[in-house]
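A look at the structure
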Amino acid sequence: MNNIATIMQHQSRGIERIIEGVATSDGAGVKLTRVLSGKLQKRLDPFLMLDAFSSDNPDDYIAGFPDHPHRGFETVTYMLSGRMRHRDSAGHEGLLENGGVQWMTAGRGVIHSEIPEQEDGVMEGFQLWLNLPAQHKMAAPWYRDFPSGEIPEYVTPQGVTVRVIAGNSNGVAGAVTREVTEPLYLDIHVPAGAEFSTALPDTHNAFIYVYRGAVTVEGVHVASRRMGILSNPGSLGNASGADNVTLAATEETRLILLAGKPLNEPIVQYGPFVMNTQQEIHQALNDFNNGHFA
Ligand code: CO
């Protein structure tokens, strides 16, 4: 009798493309690397933006992000190191620090500020923009802080530590679950010489961003501060049966892994507003200028 496990071989997605981010600044002059934006929004639907920030120079972050609006998507801020105070027009306030996550659904609109509460030391982390489906773009705003201790974590037999911010990895449910886009957001710490695998639904677009060390995926090297877009099952150069991602680290490595189900809806962005049509963007500007954001 055949053992089913020997027939159902797991197979990893490969690396389709390596992306080097663009150095820029945002807010009141916060220096950051924009890893995902513009043309990649279609390829990595439902993800709209990924900014990586990392500096021990206060001049790079001290001014923070004063009051600004958002409509039509979710912002997920993951603070590896540092302290930032959030306030918004829906009445939410919170302190985001070392290892914590702030998940904000802007929905029909919020005005918020994110201001550092430190005058020196390292500030390091990520801000991700996750799109909302058309039918949820005008939903009520939602906000939650997850201090580091509330992020589910597991350790594999090879000593890989996995923090599950969203979705589900190897049976461990994350802090946040979302219908429609079904995001998976992992922070993965891999010791030198170790390997790690996690399942990826074949519907999902996915990528990794290495922020320390380096990994190899299906023989392709992804260096520090690089994004690797994972090829979708059935695409060129990728076996149709790929059902996971398997990565190996030759040195101690830290990376984030994102995957999400594409919305396949039109994306019309004007700065902090992301809607489906130009008309909805005009409406967002009118609403904002007339003080109709919460
Ligand atoms: Co913002």
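The structure contained in this document is the topic of the report that follows. Since this is a predicted model, take the numbers as computed values, not measurements.

Section: the overall build of the chain
- A tally of regular secondary structure across the chain gives three helices and 26 strands.
- A compact globule built from 294 residues should have a C-alpha radius of gyration of about 19 Å, and the chain, at 19 Å, falls within 12% of that.
- Along the first, second and third principal axes, the C-alpha set of the chain runs to 70 × 45 × 30 Å.
- Sorting the 294 residues of the chain into buried and exposed places 50% on the buried side.
- For the chain, restricting intrachain contacts to residue pairs at least 6 apart in sequence, the fraction spanning at least 24 positions comes to 73%.

Topic: the packing of aromatic side chains
- Counted under the stated rule, the structure contains eight aromatic pairs.
- Ring geometry for Phe-273 and Phe-293: centres 5.9 Å apart, planes at 70°, overall edge-to-face. With Phe-273 in strand 26 (residues 273-275) and Phe-293 in the segment after helix 3 (278-289), the pair connects residues that are 20 residues apart, well separated along the chain. Phe-293 carries the same exposure label as Phe-273, and that label is buried.
- Among the aromatic side chains, those forming a connected cluster through ring pairs are Phe-126, Tyr-209 and Tyr-211.

Remarks on the sheet that holds strand 12 (residues 142-146)
- Spatially, seven strands are ordered 2-3-4-11-6-9-12 in an open sheet, and the strand pairing comes out antiparallel. With one partner strand each, in any of the chains shown, strand 2 (22-26) and strand 12 form the two edges of the open sheet. The average undirected angle you get between the axes of adjacent strands in this sheet is 20°.
- As paired elements, strand 2 and strand 3 (residues 30-36) share five bridges and run antiparallel to each other. Residue pairing across strands places Ala-23 opposite Thr-33, the latter belonging to strand 3.

What about helix 3?
- Given a rise of 1.5 Å per residue, twelve residues ought to cover 16 Å, and the 17 Å separating the end C-alpha atoms of helix 3 matches this to within 8%.
- At the C-terminal side of helix 3, Gly-291 shows a positive phi close to 75°.

Observations concerning the coordination of the cobalt ion
- Around the cobalt ion, the donor atoms from the protein are His-68 (NE2), His-70 (NE2) and His-112 (NE2), and they sit 2.1 Å away.
- All donors of the cobalt ion come from a single chain, and their spacing in sequence reads H-x1-H-x41-H. Separated by 44 residues along the polypeptide, His-68 in strand 5 (residues 65-70) and His-112 in strand 10 (residues 110-116) bring together distant segments of the chain.
- Residue His-68 is classed as buried on the basis of its relative accessible area, which comes to 19%.
- Judged by relative accessible area, His-112 falls into the buried class, the value being 0%.

Things to note about the layout of surface pockets
- Roughly 310 Å³ of volume is contained in the largest pocket.
- Every residue lining the largest pocket is counted, 20 residues in all, and those nearest its centre are Asp-26, Phe-65, His-68, His-70 and Trp-129.
- Residue assignment for the lining of the largest pocket shows that the elements contributing at least two residues are strand 3, strand 4 (47-55), strand 5 and strand 11 (123-131).
- Residues that form the lining of the largest pocket fall into these classes: nine nonpolar, seven polar and four charged.

Overview of the nonpolar core
- By size, the foremost hydrophobic cluster in this structure holds 29 residues, and its most contacted members are Leu-50, Phe-126, Tyr-185, Phe-207, Tyr-209 and Met-227.
- Ranked by size, the runner-up nonpolar core spans 25 residues in total, among them Leu-184, Ile-188, Leu-247 and Ala-249.

The rules behind each value
Residues numbered from 1 in each chain as written. Predicted model: local features only at pLDDT ≥ 70, side-chain atom pairs only at ≥ 80, totals over all residues. Heavy atoms only, no water. Helix = DSSP H or I, 4+ residues; strand = E, 2+ residues; numbered from the N terminus. Rg over C-alpha atoms; globule rule 2.2 N^0.38 Å. Buried < 20%, exposed > 50% of the residue type's maximum accessible area, 1.4 Å probe, protein only. Contact = heavy atoms within 4.5 Å. Phe/Tyr/Trp six-rings, centres within 6.5 Å; stacked < 30°, edge-to-face > 60°. Pairing = 2+ DSSP bridges. Axes fitted to C-alpha atoms, helices over the stretch in contact; angles between N-to-C directions. Expected span 1.5 Å × (residues − 1). Donors = N, O, S within 2.8 Å, 3.2 Å for Na, K, Ca; no water. 1 Å grid on protein atoms, 1.4 Å probe; cavity = no way out; pocket = protein on both sides within 12 Å on 5 of 7 lines; lining within 4 Å. Points joined across faces, edges and corners; volume = space filled by probe spheres on them. Nonpolar A, V, L, I, M, F, W, Y, C, P; charged D, E, K, R; others polar. Core = buried A, V, L, I, M, F, W, Y, C linked by side-chain atoms within 4.5 Å.

Structural measurements only, silent on function.
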